[in-house]
Amino acid sequence: VGPKLFQYVIKVIVQAIQLLYTMLTIDQPSYILLQNPPGLPSIAVAWVACLFWRSKLIIDWHNYGYTIMSLNHGRNHPLVQIAKWYEKLCGRLSDYNLCVTNAMKEDLWVNCNIKAVTLYDKPASYFKETPLELQHHLYMKLAKDYEPFKPRTESVSSNAERSAFTEMDEKNGHVIKTRGRPALLISSTSWTEDEDFSVLLKALEGYERYINEGVKLPSLVCVITGKGPLKDYYNGLINKMHFKHVQICTPWLEAEDYPLLLGSADLGVCLHKSSSGLDLPMKVVDMFGCCLPVCAIYFECLHELVKHNENGLIFRDSNELAEQLKMLFLGFPTLEGKLHNFRENLRASKQLRWDESWDQTVLPLLGQNE
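Residues numbered from 1 in each chain as written. Predicted model: local features only at pLDDT ≥ 70, side-chain atom pairs only at ≥ 80, totals over all residues. Heavy atoms only, no water.

1. Some remarks on the pairing of strand β3 (residues 96–99)
At step 1: Burial of β3 is two-sided: the residues Tyr96 and Leu98 facing one way and the residues Asn97 and Cys99 facing the other way are all buried.
At step 2: One ladder, built from four bridges, connects strand β2 (residues 56–61) with β3; its direction is parallel. By the bridge assignment for β3, Ile59 is matched with Asn97.
At step 3: Here two bridges tie β3 to strand β4 (residues 117–118), and the two strands are oriented parallel to one another. For Leu98, the partnering residue across the bridge sits in β4 and is Val117.
At step 4: The β-α-β motif built from β3, the intervening helix α5 (residues 102–112) and the parallel element β4 has right-handed crossover chirality. (Buried < 20%, exposed > 50% of the residue type's maximum accessible area, 1.4 Å probe, protein only. Helix = DSSP H or I, 4+ residues; strand = E, 2+ residues; numbered from the N terminus. Pairing = 2+ DSSP bridges. Right-handed = clockwise from strand over helix to strand, strands pointing away.)

Structure (structure tokens):
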């Protein structure tokens, strides 16, 4: 009840009391590791808990909370300015700081006088290419609920179990990819203001137009996973679109199915635009773990993750994305061309996994300060 500002203040106070009570009832920790955002009120609460326990506070900076707030309220809103002041002030109370890009490391030092170590996000070990048999089982599971995964035509063999992408001989269990299969495009989102999915929808309209003009391109299945506040809005837009060669579905996947689908796809698309311009999209990290090439929308420090023309492509608008889709899928599914080269480059990169990166970057930092 009451004005929005009053509600917000009460919420912060209640959360602070709940969080502090919880943290003072745990066993004494040597370190408290806090991911920011959200940092209001957790940075101040964690610092108080560290004073009580005589522990060290580590802040893991993934973004700035005040820049996310500004997406709704605008940069000059009093709440945003208070959050900015709070984040800069309380951020200096930490003993150690980690951040996700070199750009953020520099910004923390220049604007907040905070010294941080860059710890790039890395994929967990279960993000990897999906074997063909597992792909088939996943497609058959999804075909029960989602039309784009169902076979386009009836099987000529009564012994074959088919999805839109694969076919399994039920006698010997052998799985092959179907001839003339559609390309599988995947994007994931929390359906919030920092991702404009109209860019992808307009690009798909351009892709459909290329096919209608006679360009030899495959049909496309576009899967957009996740849930969030703007999902119904974009589903409304999708339902008004009438494609002949493009199918779109927006499933909420079980946790174990998401990495399997990434490892089965042909191309990933990322529409994440950092609110601060200083963090990197975790979804691309996971896609790269699955050796999945990516088309990602440009922002300032994206080059620290996506190497244009090496492991993917960077675009600035829907027209450029439509051109990239045409170029990458021309002649699909040939084992030549840029899409294949990007995947081979990702396979050859042998990137670190999350636990290896932690051991290399964070453990020496803690060890030298013991």
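Now that the structure has been shown, we can carry on.
2. Focus: the pairing of strand β12 (residues 294–297)
At step 1: Alternating residues of β12 divide into Val294 and Ala296 and Cys295 and Ile297, and every residue in both groups is buried.
At step 2: Sheet topology places strand β11 (residues 267–270) next to β12; three bridges connect them, and they run parallel. When the bridges of β12 are listed, Gly268 appears paired with Val294.
At step 3: In this fold, β11 hands off to helix α10 (residues 282–289), which returns the chain to β12; that crossover is right-handed.

3. Focus on α10
Along an α-helix, a turn takes 3.6 residues, which lines up residues three or four apart on a common side.
At step 1: Summarising burial for α10: seven of the eight residues are buried, a large majority.
At step 2: For α10, the complete set of buried residues consists of Lys283, Val284, Val285, Asp286, Met287, Phe288 and Gly289.
At step 3: Buried positions along α10 lie against β8 (183–188), α9 (257–262), β11, β12 and α12 (337–349).
At step 4: Just beyond α10, the residue with positive phi is Cys291, at close to 55 degrees. (Contact = heavy atoms within 4.5 Å.)

4. Brief notes about the pattern of salt bridges
At step 1: Considering all chains together, one arrives at 10 salt bridges under this definition.
At step 2: With a shortest N-O distance of 3.3 Å, Lys141 and Glu254 are connected by a salt bridge. Of the two residues, Lys141 is situated in helix α6 (residues 132–143) and Glu254 in the loop between β10 (246–249) and α9; the sequence distance between them amounts to 113 residues.
At step 3: Given a relative accessible area of 32%, Lys141 falls into the partly exposed group.
At step 4: The class for Glu254 is partly exposed, based on a relative accessible area of 41%.
At step 5: Measuring nitrogen to oxygen at the nearest pair gives 3.5 Å for the salt bridge that ties Lys150 to Glu147.
At step 6: Take Lys150: its relative accessible area is 31%, and that puts it in the partly exposed class.
At step 7: One network of salt bridges, with partners in common, ties together Glu129, Arg343, Glu344 and Arg347. (Salt bridge = Lys/Arg side-chain N within 4 Å of Asp/Glu carboxyl O.)

5. Overview of the packing of helix α2 (residues 42–53) against helix α4 (residues 78–91)
At step 1: Put simply, α2 and α4 touch, their axes get as near as 9 Å, and they point 25 degrees apart. Accordingly, the angle class assigned to the pair α2 and α4 is roughly parallel. α2 and α4 meet at a crossing whose hand is left-handed. Contacts from Ser42, Ile43 and Ala44 in α2 reach Tyr86, Glu87, Cys90 and Gly91 in α4.
At step 2: A per-class count over the contact of α2 with α4 returns four nonpolar, two polar and one charged. (Axes fitted to C-alpha atoms, helices over the stretch in contact; angles between N-to-C directions. Parallel < 35°, antiparallel > 145°, perpendicular 65-115°, else oblique. Left-handed = near helix turned anticlockwise from the far one by under 90°. Nonpolar A, V, L, I, M, F, W, Y, C, P; charged D, E, K, R; others polar.)

6. Re the domain arrangement of the protein
At step 1: On domain assignment, one finds that the protein holds domain 1 (1–121 + 356–367) and domain 2 (132–348).
At step 2: Taking only C-alpha atoms, the centre of domain 1 and the centre of domain 2 are 35 Å apart.
At step 3: In this assembly, 16 residues from domain 1 lie in contact with 12 residues from domain 2.
At step 4: Counting the contacts that link domain 1 with domain 2 gives eight residue pairs in polar contact (both at pLDDT 80 or more). (Domains from an automatic or database assignment. Polar contact = N/O pair within 3.5 Å; in protein donor to acceptor, adjacent residues only side chain to side chain.)

7. A few points about the side chain of Lys283
At step 1: Here Lys283 lies in helix α10.
At step 2: Beyond its immediate chain neighbours, meaning those up to four positions away, Lys283 contacts Ser188, Thr189, Glu195, Tyr258, Cys270 and His272.

8. Here's the deal with the packing of aromatic side chains
At step 1: Applying the stated criterion across every chain, the model contains 16 aromatic pairs.
At step 2: Geometrically, the ring pair formed by Phe127 and Tyr258 is edge-to-face, given 6.1 Å between the ring centres and 80 degrees between the ring planes. Pair noted here: Phe127 is in the loop between β4 and α6 and Tyr258 is in helix α9, with a separation of 131 residues, a long-range link. One exposure class covers both Phe127 and Tyr258, and it is buried.
At step 3: Feature note: the residues Trp191, Phe197, Tyr233 and Tyr234 constitute an aromatic cluster, connected by ring pairs.
At step 4: One cation-aromatic arrangement involves Lys227 over Trp252; the distance from NZ or CZ to the ring centre is 4.5 Å. (Phe/Tyr/Trp six-rings, centres within 6.5 Å; stacked < 30°, edge-to-face > 60°. Lys NZ or Arg CZ within 6 Å of the ring centre and 35° of its normal.)

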